[in-house]
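Structural description and commentary
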Amino acid sequence: MNILSKLKETAVSVVPVMAIVLFFGLTFVPLDKILLARFVIGGLFLILGLTIFLLGVDLGIQPMGERCGAELTKKRSLLLLLSVAFVIGFIVTAAEPDIQVFGDQVRGIFPFVNKSAITFVIAAGVGLFIMLGLLRTVLNFSLKWSFFLAYILLFAISFFTPDSFIGIAFDSGGATTGPMTVPFIMALGLGVSSVRDDNDNSFGLTGICSIGPVMAVLIYAIILRSGGAFEAQQASDLAKAGEESAVAAALSGSGNIFVQIFASFKETAGSVFHESLVSIAPLFALFVIFQIFLLKMTRRQVIRIIIGFVYAFIGLTIFLIGVNGGFSQAGAALGQKLGSFALERGGIWYVILIGTGLALGAIIVCAEPAVWVLSEQVEGVSGGTIKRKALLVFLSVGTAIAIGLSMWRAVSGFNLKIILIPGYIIAMILMIFCPSLFSGIAFDSGGVASGPLTSTFVLSFTLGAASSGQGGNDSFGVIALVAMMPLIAIQIMGIIFKMKQKKIANTGGEA
């Protein structure tokens, strides 16, 4: 077990974020000392939890997913493969804690939306598209054409959807890519591809799955509008009031500092324990069913995978306690203060606000659990020719630009389509010149970049800024931008990689 190396890697990813927040919180935009103390403790929990979680993924979740994909493919029953894929996608997504939180956020803006209905709509979208993704792999249909046709249909549907639901729909694609579901889905795709001995199709399943909920929510919004559900609402006031209350709550507090800090983490631990249990239980139940009817692994293999699940559960719990116990609240408070200064004083403070967003985006994506899983899988599948560090650099640059754009939108309130439509057009054009393997990695990266840390700390930071600016009327769209930019960044990396390989081949031929 390489626990020390994983601990070092996660610490290197998280500590710079802590340094940025502490620098601003202790100097230019002073934050409450209790909040900063909770932030530091939360950061330490986050490092420890992420380390343990990644060990659990290596031991249990990833091997299980690969075995399931391989064994289902060996059965040579397309109906069985697709049916199981739909059930896996639906059950795991419906149980994902991020989806429950997302449903509450949507209802906060649009009270007429039924939480259960939108949850099942999103889960059905994931189930359908994981089924289509595996069907594409089995039939060896072009990955690039799959993405091209899917996004053409997606944007065609979006023109009939209310603008106020566009951000919600695209954010739903990011909300489905939780820390438990993504490693399993990626491993499932790798398992199916391994039987076919086709590395070019090893990635892309997560990217295809992310399209499903977006399309499903767009259609759901069209149905709601046709039924007359969309009425004039003061969405701006609701979002702004809710965020200001949250930030105010984060900044308030009196009494003994240690008692307050302990109480906040104790309260968080109860809900997080339940979330982690609900998140991991469906996957473990599927493992038991698959072991009985499909996998039939040895006792030693079963024990190893069970230990992996235990590690993953403990790690995810500690990770989420850190994120929710103080990490994300500090982000909201910092975002609100920087946004207020930018609006009140202008000039350099706009640069500081957007620059802080760029820096946080570049760093924080490297602390996402699923990003580590993806980068390790890419390096493994490519035989080390695609370096993990290079992938993380391009992913960081893409995410940094996305967060920078989000901060600009938070204080200006421009229409999300102005960025999304040109961005996806560029991504589609890049697919023409990019190797298929990198296109698959790119679309998977879009899903894994918008994980729990980005969806909590960065989202809180952006919403804090939006509550002070003109972007508060649309709380959604941050995750959509984070999910889009890696499609461009990683495919540019693929084109550069292709050019270098070609140059090396030509040089070798001349030699």
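Attention here is on the structure that accompanies the text. For clarity, every value in this text was computed on a predicted model and none was experimentally measured.

Rules used throughout
Residues numbered from 1 in each chain as written. Predicted model: local features only at pLDDT ≥ 70, side-chain atom pairs only at ≥ 80, totals over all residues. Heavy atoms only, no water. Helix = DSSP H or I, 4+ residues; strand = E, 2+ residues; numbered from the N terminus. Buried < 20%, exposed > 50% of the residue type's maximum accessible area, 1.4 Å probe, protein only. Contact = heavy atoms within 4.5 Å. Areas by Shrake-Rupley, 256 points an atom, 1.4 Å probe, with all protein chains shown as cover. Salt bridge = Lys/Arg side-chain N within 4 Å of Asp/Glu carboxyl O. Expected span 1.5 Å × (residues − 1). Axes fitted to C-alpha atoms, helices over the stretch in contact; angles between N-to-C directions. Parallel < 35°, antiparallel > 145°, perpendicular 65-115°, else oblique. Left-handed = near helix turned anticlockwise from the far one by under 90°. Nonpolar A, V, L, I, M, F, W, Y, C, P; charged D, E, K, R; others polar. Patch = residues over 30% accessible without salt bridge, like charges linked within 9 Å, V, L, I, M, F, W, Y side chains within 5 Å. Phe/Tyr/Trp six-rings, centres within 6.5 Å; stacked < 30°, edge-to-face > 60°.

For the rest of this paragraph, the subject is the overall build of the chain. A count of helical and extended segments in the chain gives 19 helices and 0 strands. Sorting the 511 residues of the chain into buried and exposed places 59% on the buried side. For the chain, contacts bridging at least 24 residues in sequence account for 87% of all contacts bridging at least 6. When the accessible area of the chain is evaluated, it comes to approximately 20100 Å², of which 68% is carbon and sulfur surface.

Turning our eyes to something else, we now look at the pattern of salt bridges. Scanning the entire structure with this criterion turns up 3 salt bridges. Note that E71 is salt-bridged to K74, the shortest N-O span being 3.8 Å. One end of the pair is E71 and the other is K74, both in helix α2 (residues 33-74) and 3 residues apart, which spans about a single turn. Its relative accessible area of 52% is what places K74 among the exposed residues.

Count 3.6 residues to each turn of an α-helix, and residues three or four apart come out pointing the same way. The terminal C-alpha atoms of helix α9 (residues 205-226), which comprises 22 residues, lie 32 Å apart, in line with the 32 Å expected from a rise of 1.5 Å per residue. Summarising burial for α9: 17 of the 22 residues are buried, a large majority. Phi turns positive, to about 80 degrees, at G228, one or two residues after α9.

Turning our eyes to something else, we now look at the environment of V126. Secondary-structure assignment places V126 in helix α5 (residues 115-139). The class of V126 is buried, set by a relative accessible area of 3%. It is 9.7 Å that separates the C-alpha atoms of V126 and A85, two residues lying 41 residues apart in sequence.

All right, on to the packing of helix α6 (residues 143-158) against helix α16 (residues 417-433) then. For the pair α6 and α16, the least separation of the axes is 10 Å and the interaxial angle reads 160 degrees. Put simply, α6 runs roughly antiparallel to α16. In this structure, α6 crosses over α16, and the sense of that crossing is left-handed. Residue-level contacts link K144, F147, F148, Y151, F155 and S158 of α6 to K417, L420, I421, Y424, M428, M431 and I432 of α16. When its residues are assigned to classes, the contact of α6 with α16 shows 10 nonpolar, 1 polar and 2 charged.

Nonpolar side chains collect at one region of the surface, where F284, V288, I289, I292, F293, I306, V310 and I314 lie side by side and expose about 680 Å² of accessible area between them. Only α11 (257-295) and α12 (299-345) provide two or more residues apiece to the nonpolar patch. Top contributing element to the nonpolar patch by residue count: α11, with 5 residues.

The next thing to look at is unusual backbone geometry. Phi is positive for R76, which is not a glycine, with a value near 55 degrees. Its place among the elements puts R76 in the loop between α2 and α3 (78-95). At K296, a residue that is not glycine, the phi angle is positive and equals roughly 50 degrees. With respect to the secondary-structure elements, K296 resides in the loop between α11 and α12. On the basis of relative accessibility, which here comes to 59%, the residue K296 falls in the exposed class.

Per the stated rule, a full pass over the model turns up 22 aromatic pairs. Where F39 meets F327, the ring centres are 4.7 Å apart and the plane angle is 20 degrees; that geometry is what we call stacked. Of this pair, F39 sits in helix α2 while F327 sits in helix α12, and the two are 288 residues apart along the sequence. Like F327, F39 is buried. Relative to Y424, the ring of Y151 lies with its centre 4.8 Å away and its plane at 25 degrees, an arrangement referred to as stacked. Separated by 273 residues along the polypeptide, Y151 in helix α6 and Y424 in helix α16 bring together distant segments of the chain. Pair check on accessibility: Y151 and Y424 agree, each one buried.

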